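If you want the building blocks of each chain, they are given just below.
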Amino acid sequence: MKKFFDRFLASALSVAMAVGLAACGAPEVTTSGTAATSGGAAVSASTAAAAAATSAGTAATSAAAAASTSAASASTGEKIVNIGVTSQLSTINPLNIDVTFFALYAQSLMFLPLVSFDKDAKVEGMLADSVTSDDNKTFTIKLKDVNWSDGQPVTADDVIWTMLKISSAAVANTSFNFSGFEGFNDDGTSPAGATSVAGIKKVDDKTVQFIAKNTMSLQSFINNICIWVCVLPSHVLKDVPDDQLTSYDWFNKPDVVDGPYFLDSYDAAHFISYHANKDYYLGAPKVDKLNFKVVQGAELLAGLQSGEIDFVQPSIGIVPNTDLESIQALSNVKVEFTSPVTNQMTFINTRKIKDARVRQAILYAIDRQSLVDNLLGGHGEVDEGFVSSASPYYDDSVTKVSYDPEKAKALLKEAGWDSSTKLNYYVWSGDDAMVKGINMVKQNLGDVGININIKTVDLDSLMAVAGKDDADIFTVQYTITPNDFYIDAQYLVDTADDSWTGGYTNDTLHKAIEDTQVTTDDAQIKADYKTMDEQLVKDVPMFSMYFISNAGVVSNRLQNAEPTLYGAFNHVEQWDVTD
């Protein structure tokens, strides 16, 4: 099946990393998960920052103004909540979205997506009342009765307009590729100037159908289209030329929204400030002003302790392991750990390490449970491949590989391994835990006769060598929505030319991955993912070093808010504060 949705590698990775330990969507590394999980927006972070500076003043002036405003509002009795974030905003404009969680959350407070995930990673309708398909080719979306803040209804026209603009060549959002739907160009863009297309059909004002060229699972459609596209008011923006949409100043302070908050001001590197939309369809938010505060991870402890930060959501706020115990000891906050979703993935270049027995030996040689215990304080688990216990498709009968250095030595001897060989092992410098853990890994591998050169590099450098011959092995955090692994598995280990495994291919794995897009039977999908992970255990082009349970934090003064990995902001209108 042709890929119908591509996400930037660097972006998804950063999300996943953000969702990770020290800390996507991708690369971001996570997204629904993508290395896609990844990178780059049509408008870069620096461009967004420049735009913000133009509208809000310099960073220092804007930050001071925001602080002053917050203080003044507090004195008037307004309820204010500050959310700590440890990564910069890439873009505030939904047409430029690069599939990073921070961008999605920042935008969806103003413009709702069709659906979101709840805390259990189950689909929850936001604009959509339902998303269904009988044949995995035609997807029907029925909209709720929601109005824009100017009183106009949200309609099918808004959905279609948004999809055609985000896919237009003029907007050039390379995070999306609609080529899998009827009527779109082969490069995934919409026809120039199109106001309609065969692949997105208006049935009535509240019903839209997407028609795919080939089968794709309902879950893949939901994960990659319905969640990541924030619908915009076409009646407000329809006359703006396509080539002006990405830089249109209206997005810096939109006056028509359907989400719970209006944007007041922002500086991409420092803060985003909102005020409540009293006409929000789920009810007026109880919190009058909501702020994202961009800080360094090391600043979270002080901010939580002083009360300047009320909430840390684990996909956009990375709590350093070194501060976790101190934060847990604070009396004014509560730390909650997510289900183990973020995967510390390790990829082996199969062009360089061709013998599967050597790759198996690498896996047997590493004491992964000790890494979980010593690096994560036990907040994680060891599983194989892509699927952790957080997934509805988890099967605990998948073959488990236990720490067995004698087995590793036997495999190496059988393979005729030359112990004088030095393997280049790359690790992301921003991953505090793995930077420490790689020395444990080096010791484990050295004990069986595998010697590594550790290369600790920044994320861009790591992505530059992913799947290339400069790297024999590399490890990176990657977050995938636990109910759909198709896009990521396809991209990472089932793409002969440019996968992160150096071109590994296998017919059994390929068929298992593709079959998840054909069936609508959850039991069969579970069986397909089991087949996929079993093949990965056998061939070891990649393996999970461990899955991470990420830390979120919520102030005792903040009510009805949970720092879950998914769904934390779905009902922000219910948040309340008690001082």
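The rules behind the values
Residues numbered from 1 in each chain as written. Predicted model: local features only at pLDDT ≥ 70, side-chain atom pairs only at ≥ 80, totals over all residues. Heavy atoms only, no water. Helix = DSSP H or I, 4+ residues; strand = E, 2+ residues; numbered from the N terminus. Areas by Shrake-Rupley, 256 points an atom, 1.4 Å probe, with all protein chains shown as cover. Pairing = 2+ DSSP bridges. Axes fitted to C-alpha atoms, helices over the stretch in contact; angles between N-to-C directions. Contact = heavy atoms within 4.5 Å. Salt bridge = Lys/Arg side-chain N within 4 Å of Asp/Glu carboxyl O. Buried < 20%, exposed > 50% of the residue type's maximum accessible area, 1.4 Å probe, protein only. Phe/Tyr/Trp six-rings, centres within 6.5 Å; stacked < 30°, edge-to-face > 60°. Polar contact = N/O pair within 3.5 Å; in protein donor to acceptor, adjacent residues only side chain to side chain. Core = buried A, V, L, I, M, F, W, Y, C linked by side-chain atoms within 4.5 Å. Parallel < 35°, antiparallel > 145°, perpendicular 65-115°, else oblique. Nonpolar A, V, L, I, M, F, W, Y, C, P; charged D, E, K, R; others polar.

Enquirer: Hey, could you run me through the overall build of the protein in this one?
Expert: A count of helical and extended segments in the protein gives 18 helices and 22 strands. Accessible area of the protein: about 20,400 Å², with a carbon and sulfur share of 46%.

Enquirer: Sorry, what's going on with the sheet that holds strand β7 (residues 200-204) here?
Expert: Pairing between the strands of a sheet comes from backbone hydrogen bonds, and it takes one of two forms, parallel or antiparallel. In spatial order, the strands read β5-β6-β8-β7; together these four strands make up an open sheet with antiparallel pairing. Edge strands, defined here as strands with exactly one partner in the open sheet, are β5 (128-132) and β7. The mean angle between the axes of side-by-side strands here comes to 20 degrees, regardless of whether they run parallel or antiparallel. Sheet analysis places strand β6 (residues 138-143) next to strand β8 (residues 207-211), joined by five bridges and oriented antiparallel. In the strand pairing of β8, Thr140 is matched with Gln209. Taken strand by strand, helix α5 (residues 156-166) contacts β6, β7 and β8, and its axis lies near 175 degrees from that of β7. Docked against the sheet, helix α6 (residues 218-226) engages β5, β6 and β8, running at close to 135 degrees with respect to β5.

Enquirer: Would you mind going over the pattern of salt bridges with me for this structure?
Expert: Where charged atoms of side chains with opposite charge meet at close range, the side chains can pair. Under the definition given, this model contains 16 salt bridges. Here Asp288 and Lys278 are joined by a salt bridge, their closest N and O atoms 3.3 Å apart. Residue Asp288 is found in the loop between β10 (271-276) and β11 (289-294), and its partner Lys278 is found in the loop between β10 and β11; the two are separated by ten residues along the sequence. A salt bridge links Lys334 to Glu336; the shortest N-O distance between them is 3.3 Å. Overall, Lys334 belongs to the partly exposed group, its relative accessible area being 44%. Judged by its relative accessible area of 22%, Glu336 falls in the partly exposed class. A single network of salt bridges, built from pairs that share partners, joins Asp157, Lys202 and Asp205.

Enquirer: Got a minute to help me understand the packing of aromatic side chains in this structure?
Expert: What characterises a pair of aromatic rings is the spacing of the ring centres plus the angle enclosed by the ring planes. Counting across every chain of the model gives 29 aromatic pairs. An angle of 65 degrees between the planes, with centres 6.4 Å apart, marks the rings of Tyr261 and Tyr274 as edge-to-face. With Tyr261 in strand β9 (residues 261-267) and Tyr274 in strand β10, this pair connects stretches of sequence that are 13 residues apart. An identical accessibility class is assigned to Tyr261 and Tyr274; each is buried. An angle of 65 degrees between the planes, with centres 6.5 Å apart, marks the rings of Phe386 and Phe485 as edge-to-face.

Enquirer: Would you take a moment to explain the pairing of strand β19 (residues 542-548) for this structure?
Expert: Along any regular strand, the residues point their side chains to alternate faces of the sheet. In terms of burial, β19 is largely enclosed, as seven of its seven residues are buried. Bridge count between strand β14 (residues 342-348) and β19: six bridges; the pairing is antiparallel. Paired with Asn343 across the two strands is Phe547, which belongs to β19. Here two bridges tie strand β15 (residues 380-381) to β19, and the two strands are oriented antiparallel to one another. Looking across to β19, one finds that Glu381 is bridged to Phe547.

Enquirer: How should the side chain of Ser179 be read in this particular structure?
Expert: Secondary-structure assignment places Ser179 in the loop between α5 and β7. A distance of 2.7 Å separates a polar atom in the side chain of Ser179 from a polar atom in the side chain of Asn177.

Enquirer: Sorry, what's going on with the nonpolar core here?
Expert: Nonpolar side chains tend to gather and get buried jointly when the protein is soluble and globular. Grouped together as the largest cluster of nonpolar side chains are 93 residues, with contacts concentrated most on Leu114, Phe210, Phe221, Tyr274, Leu290, Phe292 and Trp575. By residue number, the principal contributor to this core is α5, which donates seven residues.

Enquirer: Please clarify how the environment of Val115 should be interpreted in this entry.
Expert: Inspection of the secondary structure puts Val115 in strand β3 (residues 115-117). Note: C-alpha distance between Val115 and Ile225 (110 residues apart in sequence) is 9.4 Å. Not counting residues up to four positions away in its chain, the partners in contact with Val115 are Val123, Glu124, Gly125, Met126, Ala128, Val131, Ile222, Cys226 and Ile227.

Enquirer: Help me understand unusual backbone geometry, please; the structure alone is not making it clear to me.
Expert: The phi dihedral of Val540 falls on the positive side, at around 50 degrees, and the residue is not glycine. With respect to the secondary-structure elements, Val540 resides in the loop between α18 (522-539) and β19. Phi is positive for Asn560, close to 65 degrees, though the residue is something other than glycine. Along the chain, Asn560 falls in the loop between β21 (558-559) and β22 (576-577).

Enquirer: It is not clear to me how the environment of Leu492 should be interpreted in this structure. Could you clarify?
Expert: Considering the arrangement of structural elements, one finds Leu492 in helix α16 (residues 486-493). Placed eleven residues apart in sequence, Leu492 and Gly503 show a C-alpha to C-alpha distance of 9.6 Å.

Enquirer: Help me understand the side chain of Ser549, please; the structure alone is not making it clear to me.
Expert: By the secondary structure assignment, Ser549 is in the loop between β19 and β20 (551-555). You can call Ser549 buried: its relative accessible area is 12%. In terms of polar contacts, Ser549 uses its side chain to reach the backbone carbonyl oxygen of Thr338, at 3.2 Å. Each residue touching Ser549, except ones within four places of it in the same chain, is listed here: Phe337, Thr338, Ser339, Pro340, His379 and Gly380.

Enquirer: What should I look at first to understand the packing of helix α11 (residues 356-365) against α18 in this one?
Expert: Direction vectors running N to C along α11 and α18 enclose 100 degrees, while the axes themselves pass 7 Å from each other. On the basis of the axis angle, α11 is roughly perpendicular to α18. Judged by residue contacts, Ala356, Arg359 and Gln360 of α11 engage Val537, Lys538 and Asp539 from α18. The residue makeup of the contact of α11 with α18, split by class, is two nonpolar, one polar and three charged.

Enquirer: How should I be thinking about helix α17 (residues 507-515) in this particular structure?
Expert: Along an α-helix, a turn takes 3.6 residues, which lines up residues three or four apart on a common side. Where α17 is concerned, the buried positions are Leu509, Ala512, Ile513 and Glu514. In this structure, the buried side of α17 is in contact with α16 and α18. For α17, the N-terminal cap is Asn506; the gap from its side-chain oxygen to the backbone nitrogen of Thr508 is 3.0 Å.

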